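# Breakdown of the fold
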Amino acid sequence: MRVDELFEHRSVVAEQIKKCLREKGFTKVSFAKKAYISRPTLDKLLNGTITSKSTFDKHIQKILDVLNMSATEMFKTISERVFPFIKNLQPSKESSFSK
């Protein structure tokens, strides 16, 4: 998973970032300073309303760095949250494709 692929899921990414900020005890102001992101831009990212893909990509990488996460980890967390049944799926021994 690449950072630029997260843009299409920006509203879900926003919710996950908010959750991470709460869990790590950041305020918006303290996180914006630590990530070197302006507060208005952080607000757009956290609301999922950012419309510029290049701005999103640039700042999401800063956010992931501060949270010590990769784009793949973010996407995995989001996938498990959006599709919780996926992690419980196991391939059957006899797949219909193998016949």
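Preceding block: the structure.
Residues numbered from 1 in each chain as written. Predicted model: local features only at pLDDT ≥ 70, side-chain atom pairs only at ≥ 80, totals over all residues. Heavy atoms only, no water.

### Considering helix H3 (residues 39-47)
So the rule is basically this: The classification of residues rests on relative accessible area computed with a 1.4 Å probe and restricted to protein chains. Under 20% of the type maximum is buried, over 50% is exposed, and intermediate values are partly exposed. Helix and strand labels come from DSSP, where a helix needs a run of H or I of at least four residues and a strand needs a run of E of at least two; each type is numbered from the N terminus. Of all possible arcs, the one meant is that of the directions from the helix axis to the C-beta atoms.
Along H3, the residues that are buried comprise Thr 41, Leu 42, Leu 45 and Leu 46. Down the axis of H3, the buried side of the element spans an arc of 135°, and every buried residue falls inside it. Turned more than 90 degrees away from the buried face of H3 sit Pro 40 and Asn 47, all of them exposed. Positive backbone phi, at 70°, marks Gly 48, one or two positions downstream of H3.

### Looking at the packing of helix H2 (residues 28-35) against helix H4 (residues 53-67)
Put simply, the rule reads: Axis geometry follows a simple rule: fit a line to the C-alpha atoms, using only the stretch in contact for helices, then measure angles between N-to-C directions, giving values from 0 to 180 degrees. Orientation categories follow fixed angle ranges, with anything under 35 degrees roughly parallel, anything over 145 roughly antiparallel, 65 to 115 roughly perpendicular, and all other angles oblique. Residue contacts follow a heavy-atom distance rule, with two residues in contact if any of their heavy atoms lie within 4.5 Å. Three classes are used: nonpolar for Ala, Val, Leu, Ile, Met, Phe, Trp, Tyr, Cys and Pro, charged for Asp, Glu, Lys and Arg, and polar for all others, with Gly counted as polar.
Interhelical geometry of H2 versus H4 gives an angle of 105° and a closest axis separation of 9 Å. It follows that H2 is roughly perpendicular to H4 by the angle criterion. Across the interface between the two elements, Phe 31, Lys 34 and Ala 35 of H2 pack against Lys 62, Ile 63, Val 66 and Leu 67 of H4. The residue inventory of the contact of H2 with H4, partitioned by class, reads 5 nonpolar, no polar and 2 charged.

### Brief notes about the side chain of His 59
Within the secondary structure, His 59 sits in helix H4. Under the relative-accessibility criterion, His 59 is labelled buried at 9%.

### Notes on the environment of Lys 18
Within the secondary structure layout, Lys 18 lies in helix H1 (residues 10-24). On a C-alpha basis, the gap between Lys 18 and Leu 45 in space is 9.7 Å, while along the polypeptide they are 27 residues apart.

### Details of unusual backbone geometry
Of note, Tyr 36 is a non-glycine position whose phi angle comes to about 55°, a positive value. Structurally, Tyr 36 is set in the loop between H2 and H3. Of note in this structure, Asn 68 is not a glycine but carries a positive phi near 60°. Its location among the elements puts Asn 68 in the loop between H4 and helix H5 (71-82).

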